[in-house]
Structures are given as structure tokens and as C-alpha cells.
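Close look at the chain arrangement
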Amino acid sequence: MTAYSVTRLTWRAPALAAGLCVAATVAAMAQQSGGEARPSAVATLVTWIPFIMEGFVLNLVMSVLAMAIATVTGVILGFMQISPRGIVRVPAKLITHLFRNSPWLVILFAIMFLIPFQIRLPGGDTVMVPDWVKATIGFALPVMANISEILRGAVASIPSGQWESAESLAFTRIQTLRHVILPQCIRRMMPPWMNWYALLTLMTPMAAILGVNEALGNTQAAMEAAGARPELLIPFYLFLMTIFFVFIYPISLYTRRLERRFSTGS
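Remember, predicted model here, so these are calculated numbers, not experimental data. (Residues numbered from 1 in each chain as written. Predicted model: local features only at pLDDT ≥ 70, side-chain atom pairs only at ≥ 80, totals over all residues. Heavy atoms only, no water.)

**Focus on the packing of aromatic side chains**
Geometry of an aromatic ring pair is reported as the spacing of the ring centres plus the angle between the planes. Counted according to the given criterion, the structure contains 7 aromatic pairs. With centroids separated by 6.4 Å and ring planes inclined at 55°, the aromatic side chains of W104 and F139 adopt a geometry described as tilted. Taken as a pair, W104 in helix α4 (residues 104–114) and F139 in helix α5 (residues 131–157) lie far apart in primary sequence, 35 residues in all. Residue class for W104 comes out buried when judged on its relative accessible area of 15%. Ring geometry for Y197 and F247: centres 6.4 Å apart, planes at 70°, overall edge-to-face. Taken together, the residues Y197 in helix α7 (residues 173–203) and F247 in helix α9 (residues 233–261) connect sequence positions 50 residues apart. F247 gets classed as partly exposed once you look at its relative accessible area, which sits at 26%. (Phe/Tyr/Trp six-rings, centres within 6.5 Å; stacked < 30°, edge-to-face > 60°. Helix = DSSP H or I, 4+ residues; strand = E, 2+ residues; numbered from the N terminus. Buried < 20%, exposed > 50% of the residue type's maximum accessible area, 1.4 Å probe, protein only.)

Structure (C-alpha cells):
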């Protein structure tokens, strides 16, 4: 090794060491600063709980509205299924089996594309159709079909002797349904109706796929805003599961009570 090489190495060694020291110091300071400024996963969750609960309220609104729509339309469809006229009964059965045996997500996407994002009124004004309204209609359709089948099954479970007894009293078919059959059907329909409401509520997070800002969508947005740290996954999704459990589990318990109370053999 020449004297020039030794001299150049001797001159560069302290500079290289100083540079490494400065780089290490800056990295340590950045890491320490980031560690101090970054809250824990639980603290981050507490900060975003109101935002997540705001989305959960929308889940409940969608479930209640969808169940109301499904109940009204499902009862009408169920009566059409038990109609003695084939021109009424056959289309009702077709609609019922179509929506009962179709995936919910496919129905949601179909409704999302079929319903326009705005509707023009006769006066020329336009009304925007929010995505959550479309999702509500999409959720109502499969539940409607199942309620229709529940009504049909409840009517079919009534002993034929009651129809004959009402006929011997000169009751019309409508009077028999109203005063004899339906009061018994309501008792038998209530437990499965509540089961379907619970299932409907559990399915509403699928609306996040369509861009609806409900509980799941807000949870994902909150984690993204908090830095998308891996340690946020468990507490955030565990909290999301908990709020649905707290709402659904009492309904499940009450449904069991109704099943025991309104059992066929009682």
C-alpha cells in the first residue's frame, strides 16, 4: 500500500465514522419520536369508537327498514302463494324461489346497478338515491322471499279440520283466514321472523363492499386513518364483533323463549 493510499484512508476513516454516528443518531431519534407520538392500539380504538358507532347506527337503520319492507311484501307474496288461482300462485312461487336461492351479494350488486343514482321527478327535479337505500332494498328482497315461505308454511301447518269447521259456519275464505287461520299463524311465524331479522342485521356489513359508510366501512376507514398498523386489526375487528353480538344475542334469547311459548304442542 502506497503512502498516498494510507494518507487517503487515514483522512476518510474519521469522516466515515462521524457519518455513521450521525446517521445512527438520526435514526434513533426518529424511532424514539415516532414511538412517543404513536398511541397504543387500544387508545386508537377509543378515539375512533364514536365514528364506528355512527356507522353501526346506519346498520340498524338499514336492518329495520329492510325488515319492514320485507315483512309487508313477504306477507303479500305469501298470500299470493296460497291463492287458489294459478295465475296468481305460480308467479308468486317463482319469485319466492328465485330470491330464496340467490346469493345475497349477487342481489346487492344487481340492485346497485339496476337502480339509478338519481331519479327525475315529473316536475323536472331530481332526487339522489343514496347507496344505503339501494343496499336496504337489496337486503329486503331475500328476506321477503323467506317470509313469504314462512307464511305459506304456517298456513299449511294448520289442521284442515279448522278450515272445514269454518266452512260449515258459512265463513268465506277471507273470513276464515282473518279470524281463524292467521291468529294461529302469527304465533308460529314470530320466532322465525325474529331469526331472520337477526340474520339480516348480521348481513348488513356486506353493504361496505358497495361503498356504504356503515360500521365495517367506518372501521376500515378508521384503521387507514390511524396508519393501517397491523396491531390495530384485532382490537378494531373485535370491537366490531362485540357490538353486533351485544345487539343480536338478546334477540336470540328472546326468540328461544317465544319458541318454547308458541310451540305447536303447547
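**Describing the packing of helix α2 (residues 41–81) against α7**
Between α2 and α7, the least distance of the axes is 11 Å, while the angle of their chain directions is 145°. Handedness of the α2/α7 crossing: right-handed. Taken together, the residues of α7 that come into contact with α2 (itself represented by L60, S63, V64, A66, M67, T71 and F79) are L177, L182, W193, W196, Y197, L200 and T201. Of the residues that constitute the contact of α2 with α7, the class distribution is 11 nonpolar, 3 polar and no charged. (Axes fitted to C-alpha atoms, helices over the stretch in contact; angles between N-to-C directions. Left-handed = near helix turned anticlockwise from the far one by under 90°. Contact = heavy atoms within 4.5 Å. Nonpolar A, V, L, I, M, F, W, Y, C, P; charged D, E, K, R; others polar.)

**As for unusual backbone geometry**
Even without being glycine, A228 reaches a positive phi, approximately 55°. Residue position: A228 is located in the loop between α8 (215–225) and α9. With relative accessibility at 42%, the residue A228 sits in the partly exposed group.

**Observations regarding the environment of V180**
Structurally, the position occupied by V180 is in helix α7. Separated by 22 residues in the primary sequence, V180 and I158 have C-alpha atoms spaced 9.7 Å apart. Among residues more than four places away in sequence, those in contact with V180 are Q162, A166, F171 and Q175.

**With respect to the pattern of salt bridges**
A side chain with one charge can pair with a side chain of the opposite charge if their charged atoms come near. Considering all chains together, one arrives at 2 salt bridges under this definition. Note that E149 is salt-bridged to R152, the shortest N-O span being 2.7 Å. On the criterion of helical spacing, the pair formed by E149 and R152 is a turn pair, its members being 3 residues apart in helix α5. Residue classification places E149 among the buried positions, given a relative accessible area of 15%. On the basis of relative accessibility, which here comes to 27%, the residue R152 falls in the partly exposed class. Between E231 and R229 there is a salt bridge, and its shortest N-O distance comes to 3.3 Å. Overall, the relative accessible area of 39% leaves E231 in the partly exposed class. When its relative accessible area of 9% is taken as the criterion, R229 is described as buried. (Salt bridge = Lys/Arg side-chain N within 4 Å of Asp/Glu carboxyl O.)

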